[in-house]
Amino acid sequence: MKSNSVFIIAEIGQAHEGSLGLLYSYIDALAETGVNAVKFQMHIAAAESSIHEPFRVQFAKEDATRYAYWQRMGFTFEQWQEIKMYCEAKGMEFLCSPFSNKAVDWLEALAVKRYKIGSGEVFNHLLLEKIIQTGKPLLVSTGMSNWDELDATVAFLRARNADFSLLQCTTSYPTTPDRYGLNVIQELKARYQVPVGFSDHSAQKSTGIAAVTMGASILEFHVVFDRRQFGPDSSSSLTIDETKELVLALRQLEVALANPVDKNDGAPFHELKKMFGKSLAVNKDLKAGHVLTFEDLEAKKPMGYGIDAKEFQKVLGKKLIFDKPQWDFLTDEDIQ
């Protein structure tokens, strides 16, 4: 990937529903889209949760408790090893959000390149400290943070010389246009002077395109095979086909942004100007001595066969020296 390319992250997250078969199907499908990384969530129920954790939304009919849901979403370390190797074999980086220190231990054993920090973990300085000690870069979502809270987290990271980026994010599923917060991308850049990205939950391709146009160098979004399928993130995800279309659009946008157009450079249009430009002509038979009026004139292609059409005012009130047939071009030699 070019150093100035947008780093595109497609998050499978929990869309696999605890099924390895479905998870690998997602990897296969995403390998055809051109994304840079596939992102997962590593849930180790015993380290992350307890039987006392309440459901935020009772969406999973098969799970009696939230703890049971995390158990169903988890995989063994050996299974994660296979998942990571498969992603890399398909040409994509394996990226994962840990939700416990134990998950960080596993991810270090897997030799991940970087860590994604979910919005809900920004205040978990124990987890941040654990990750900082690895020396790996952090991609930090800011969805639940106000400026004071984010200032504190950034200060915490900087005090430890952490390598980090920030992602504008709205913790709303799906996010509506009035809550995108695209303006925050530049505000984050100006306030913290670090690379800034956008973590999207809008289920719209246009949002990611807008975010990159606004300066995001990292783009993350959830993916799903079909937004009608079961899952907590389905309604806020892009489909696989939409992901492929978005990646293509972003790569084209990169070329556009890297090649500003000089409006004073007319060289590429020299021949086209002659082709589409127009010369003055008369729209009826006129006799010598006729005083030209606006109603006598027409503009005809191409340019260069008569007086330029933009100079029509200079012929008004002038007399014809010669007879001019209808549609004949009008030249300087024809008038006095």
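The structure under discussion appears in the preceding block.
Calculation notes
- Counting of residues starts from 1 at the beginning of each chain's written sequence and follows it residue by residue.
- The predicted origin of the model limits local features to residues at a pLDDT of at least 70 and limits the giving and counting of side-chain atom pairs to 80 or more, whereas totals for whole chains, interfaces and linings rest on all residues.
- Side-chain descriptors were evaluated using all non-hydrogen atoms of the structure, hydrogens and water having been removed beforehand.
- Under this scheme, a helix contributes an axis fitted over its contacting stretch, all axes are lines through C-alpha atoms, and angles between N-to-C directions fall in the 0 to 180 degree range.
- A run of H or I in DSSP counts as a helix once it spans at least four residues, and a run of E counts as a strand once it spans at least two, with each numbered from the N terminus.
- With respect to orientation, any angle under 35 degrees is reported as roughly parallel, any angle over 145 as roughly antiparallel, any angle of 65 to 115 as roughly perpendicular, and every other angle as oblique.
- Handedness of each helix crossing follows the sense of rotation of the near helix against the far helix: counterclockwise by less than a right angle gives left-handed, clockwise gives right-handed.
- Throughout, a contact is declared for two residues whenever any of their heavy atoms are within 4.5 Å.
- Aromatic rings from Phe, Tyr and Trp, taking only the six-membered ring of Trp, are treated as a pair when their centres fall within 6.5 Å; an angle between ring planes under 30 degrees marks them as stacked, one over 60 as edge-to-face, and anything in between as tilted.
- Exposed residues in this analysis have more than 50% of their type's maximum accessible area, buried residues have under 20%, and partly exposed residues fall in between, with area computed by a 1.4 Å probe over protein chains only.
- For our purposes a nonpolar core is just a set of buried Ala, Val, Leu, Ile, Met, Phe, Trp, Tyr and Cys residues, chained together by side-chain atoms within 4.5 Å.
- Any carboxyl oxygen of Asp or Glu that lies within 4 Å of a side-chain nitrogen of Lys or Arg is treated as forming a salt bridge with it.

K.L.:
I'm lost on the packing of helix 9 (residues 205-213) against helix 10 (residues 240-258) in this one. Help?
P.N.:
How two helices sit against one another is set out by the angle between their axes and by the gap between those axes. For the pair helix 9 and helix 10, interaxial distance at closest approach is 10 Å and the crossing angle is 20°. As far as their axial angle goes, helix 10 and helix 9 are roughly parallel. The interaxial crossing formed by helix 9 with helix 10 has right-handed handedness. Along the contact surface, helix 9 presents K205, G208, I209, V212 and T213, while helix 10 presents E242, E245, L246, A249, L250, L253 and L257.

K.L.:
Help me understand the packing of aromatic side chains in this model?
P.N.:
Between two aromatic rings, the relevant description is the distance of the centres plus the angle of the planes. Within this structure, the stated rule accounts for 11 aromatic pairs. Aromatic pair F40 and W80: ring centres 5.8 Å apart, planes at 75°, arrangement edge-to-face. Of the two residues, F40 is situated in strand 2 (residues 37-42) and W80 in helix 4 (residues 77-89); the sequence distance between them amounts to 40 residues. Per residue, the accessibility class of F40 equals that of W80, and both read buried.

K.L.:
How do you make sense of unusual backbone geometry when you look at a structure like this?
P.N.:
Most peptide bonds take the trans form, and the phi angle of most residues other than glycine is negative. Here Y173 and P174 are connected by a cis peptide whose omega angle stands at -10°. Relative to the helices and strands, P174 is located in the loop between strand 6 (164-169) and helix 8 (183-192). At N161, a position not held by glycine, the phi torsion is positive, near 55°. With respect to the element layout, N161 can be found in the loop between helix 7 (147-159) and strand 6. According to the relative accessible area criterion, N161 is exposed, its value standing at 72%. If you check the backbone angles, Q193 has positive phi at about 55° while not being a glycine. Along the chain, the position of Q193 falls in the loop between helix 8 and strand 7 (196-200). The class of Q193 is exposed, set by a relative accessible area of 63%.

K.L.:
What's the story with the nonpolar core in this structure? I'm lost.
P.N.:
If you look at soluble globular proteins, the nonpolar side chains tend to sit buried side by side. Of all hydrophobic cores here, the largest spans 67 residues; its most connected members are F40, F94 and L138. Sequence-distant contacts of F40, that is, excluding residues within four places in its chain, are made with I12, G13, L23, I27, W80, I83, C87, F94, L95, C96 and S97. Membership of the second largest hydrophobic core comes to 10 residues, among which are L280, V282, L292 and L330.

K.L.:
Would you explain the pattern of salt bridges in this entry?
P.N.:
Once the charged atoms of two side chains with opposite charge are near each other, the side chains can pair. A complete count under the given rule lists 24 salt bridges for this structure. For the salt bridge of R72 with D63, the shortest nitrogen-to-oxygen distance reads 2.7 Å. Given the relative accessible area of 18%, R72 is considered buried. Residue D151 is joined to R191 by a salt bridge in which the shortest nitrogen-to-oxygen separation is 2.9 Å. Of this pair, D151 sits in helix 7 while R191 sits in helix 8; the two residues are 40 residues apart in sequence, bridging distant segments of the chain. Look at D151 and you get partly exposed, because its relative accessible area is 28%. The network of salt bridges with common partners includes E11, K39, K116 and E220.

These figures capture arrangement, not role.
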